[in-house]
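# Remarks on the overall topology
One-letter residues, chain by chain:
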Amino acid sequence: MAKLTNYRDSGVDYSVLDRVKREAIDRAKATSGLLSLAGAAEVPESRGASAYVFRAGGMTMAMVTEGLGTKSLIAQQVLQDSGVNRYADVAVDAVAAIVNDVISVGAAPLVVTAYFSTGDAAWYADEARSTALLAGWQRACEESGAAWGGGESPALPGLVAADGLELAGSALGIVPPGREPVLGRDVVPGDRIVLLASSGLHANGASLARAVAAGLPDGYATALPSGRSLGEALLDPSVIYAGFVRALLESRVRPKFLNGVTGHGLMKVMRAPTRVRYVLESVPDVPEVLEFLVRRTGMSAAEAYGTLNMGIGYAAVVAADDADETVRLAEAAGYRAWNAGEVVAGDRSLCVPHLGVEFADRDLQLG
């Protein structure tokens, strides 16, 4: 098997995906005027943000559609190899991917819908597997504070593998009255960067993890230094950060930017449109499973932090006077958080000086 040194080697090339995303955004903008047919209007600055924001009926709402990616394939293989059913956890991963996007514009999640596609309706004949999936989705909605509003579960033979499962969905969120959507327009030098810990892989980098496992003699049964198996650690469910954002929205703190650390890794911290430089003085410890993936692939620090979350699941930029309160609110809500860095004057960029990691504006072009 060819050596993996970056995410492209596992079949995920963001240079291609981002180009298509930018074209999609441009075409979507051309339809914005149609909202006026219902007396609604978009918030234009939300184009290219983590969720689409619009105003209707005196309310500001946000919508997003997201998917799990290929992590369900890890659960499938672990179940086949060991008999351990982790489908509840991948359901949590999928809801987390959806909800963590809609909250990043300062919206409290209201409704989540589900999309489960399989290659054969017989997938659901395994009652333990299908029940775990549904229970996990319900659990994640409850943790998010959002109603499960329904969804779709097509069988797509010939398009999805016979024993395959694609998980995706959408969410509708409400920006609380008296608040404006959080879109990063007010980020200025002097602001502080608060980071919240991840639980491990989350949903980003699963294709890379699968490729690594495929090259190991024991596959997902490979023991990590702690004694846990690779498969067990990869399937730790993602953290849902809705509790943190709800706490912020109920406080006096006015966050200037919020974002999950998913595709593009740490570069997501500099997703705001303002031209400033983000300097991280510290970062959380890297989870064991991510250290293992980095070591096996030989990725550089920059490649690793630009691909995986490396222990950072969520980021908030707040005024300097609000940083300690933001950390306190996060910890009170059950999250691990750090006042980790500062926004300074400069071109749009991000650096972690003690790791030698540097990302420039050209490295993240999503909108």
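What this report covers is the structure whose coordinates are included nearby.

Calculation rules
- Residues numbered from 1 in each chain as written.
- Predicted model: local features only at pLDDT ≥ 70, side-chain atom pairs only at ≥ 80, totals over all residues.
- Heavy atoms only, no water.
- Pairing = 2+ DSSP bridges.
- Helix = DSSP H or I, 4+ residues; strand = E, 2+ residues; numbered from the N terminus.
- Right-handed = clockwise from strand over helix to strand, strands pointing away.
- Buried < 20%, exposed > 50% of the residue type's maximum accessible area, 1.4 Å probe, protein only.
- Contact = heavy atoms within 4.5 Å.
- Axes fitted to C-alpha atoms, helices over the stretch in contact; angles between N-to-C directions.
- Left-handed = near helix turned anticlockwise from the far one by under 90°.
- Nonpolar A, V, L, I, M, F, W, Y, C, P; charged D, E, K, R; others polar.
- Polar contact = N/O pair within 3.5 Å; in protein donor to acceptor, adjacent residues only side chain to side chain.
- Phe/Tyr/Trp six-rings, centres within 6.5 Å; stacked < 30°, edge-to-face > 60°.
- Core = buried A, V, L, I, M, F, W, Y, C linked by side-chain atoms within 4.5 Å.

## Focus: the pairing of strand S4 (residues 108-118)
- In this sheet, strand S6 (residues 165-175) lies alongside S4 in antiparallel orientation, the contact comprising 10 bridges. Considered in S6, the bridge of Thr 118 is made with Leu 165.
- Here S4 pairs with strand S5 (residues 147-152) via four bridges, running parallel. Across the sheet, residue Ala 114 finds its bridge partner in S5, namely Gly 151.
- The handedness of the S4 to S5 crossover, carried by helix H4 (residues 127-144), is right-handed.

## Looking at helix H5 (residues 206-214)
- In terms of burial, H5 is largely enclosed, as seven of its nine residues are buried.
- Ala 206, Ser 207, Leu 208, Ala 209, Ala 211, Val 212 and Ala 213 are the residues of H5 that are buried.
- Elements that come into contact with the buried residues of H5 comprise helix H2 (71-82), helix H6 (230-234) and helix H8 (288-297).

## Quick notes on the packing of H5 against H8
- As a packed pair, H5 and H8 sit with axes 10 Å apart at the nearest point and diverge in direction by 65°. Classified by chirality, the crossing of H8 by H5 is left-handed. Taken together, the residues of H8 that come into contact with H5 (itself represented by Leu 208, Ala 209 and Val 212) are Phe 292, Leu 293, Arg 296 and Thr 297.
- Here the residues of the contact of H5 with H8 are counted per class, giving five nonpolar, one polar and one charged.

## Focus: the side chain of Asn 204
- Within the element layout of this structure, Asn 204 appears in the loop between strand S7 (192-197) and H5.
- Residue classification places Asn 204 among the buried residues on the basis of a relative accessible area of 12%.
- A polar atom in the side chain of Asn 204 sits 3.2 Å from the backbone oxygen of Thr 262.
- Among the polar contacts made by the side chain of Asn 204, one reaches the main-chain carbonyl oxygen of Thr 307 at a distance of 2.6 Å.

## Regarding the packing of aromatic side chains
- All told, the structure shown has nine aromatic pairs when counted by the stated rule.
- Consider the rings of Trp 137 and Trp 148, whose centres lie 6.1 Å apart with planes at 45°: the pair is tilted. Placement of the pair is Trp 137 in helix H4 and Trp 148 in strand S5, with a sequence separation of 11 residues.
- A relative accessible area of 0% means that Trp 137 is categorised as buried.
- Consider the rings of Phe 244 and Tyr 335, whose centres lie 6.4 Å apart with planes at 70°: the pair is edge-to-face. Of the two residues, Phe 244 is situated in helix H7 (residues 242-249) and Tyr 335 in the loop between helix H10 (323-332) and strand S11 (337-344); the sequence distance between them amounts to 91 residues. Taken individually, Phe 244 and Tyr 335 each receive the classification buried, so the pair is uniform in this respect.
- Three or more aromatic residues joined by ring pairs form one cluster here, namely Tyr 241, Phe 244, Tyr 314 and Tyr 335.

## Topic: the nonpolar core
- Core analysis: the biggest nonpolar cluster contains 109 residues, and Trp 137, Phe 244 and Tyr 278 have the highest contact counts within it.
- Examining the composition of this core, we find that 11 residues originate from one element, helix H3 (residues 87-102), more than from any other.
- Dropping the residues within four chain positions of it, Phe 244 is found in contact with Leu 196, Leu 258, Tyr 314, Ala 316, Thr 326, Ala 330, Ala 333 and Tyr 335.

## Observations concerning the sheet that holds S6
- What the six strands build is an open sheet, ordered S1-S2-S3-S6-S4-S5; its pairing is mixed. The open sheet has two edge strands with one neighbour each: strand S1 (41-42) and S5.
- Sitting on the sheet, H4 is in contact with S4, S5 and S6, with an inclination near 165° to S4.

## Notes on the packing of H3 against H4
- Relative orientation of the contacting elements H3 and H4 amounts to 35°, with a least axis distance of 7 Å. Judged by the twist between their axes, the crossing of H3 over H4 is right-handed. Between H3 and H4, the contacting residues are Tyr 87, Ala 88, Asp 89, Ala 91, Val 92, Ala 94, Val 95, Ile 98 and Val 99 on the first element and Arg 129, Ala 132, Leu 133, Gly 136, Trp 137, Arg 139, Ala 140, Cys 141 and Ser 144 on the second.
- For the contact of H3 with H4, a count of residues per class yields 13 nonpolar, two polar and three charged.

Any functional reading would require information that these geometric values do not contain.
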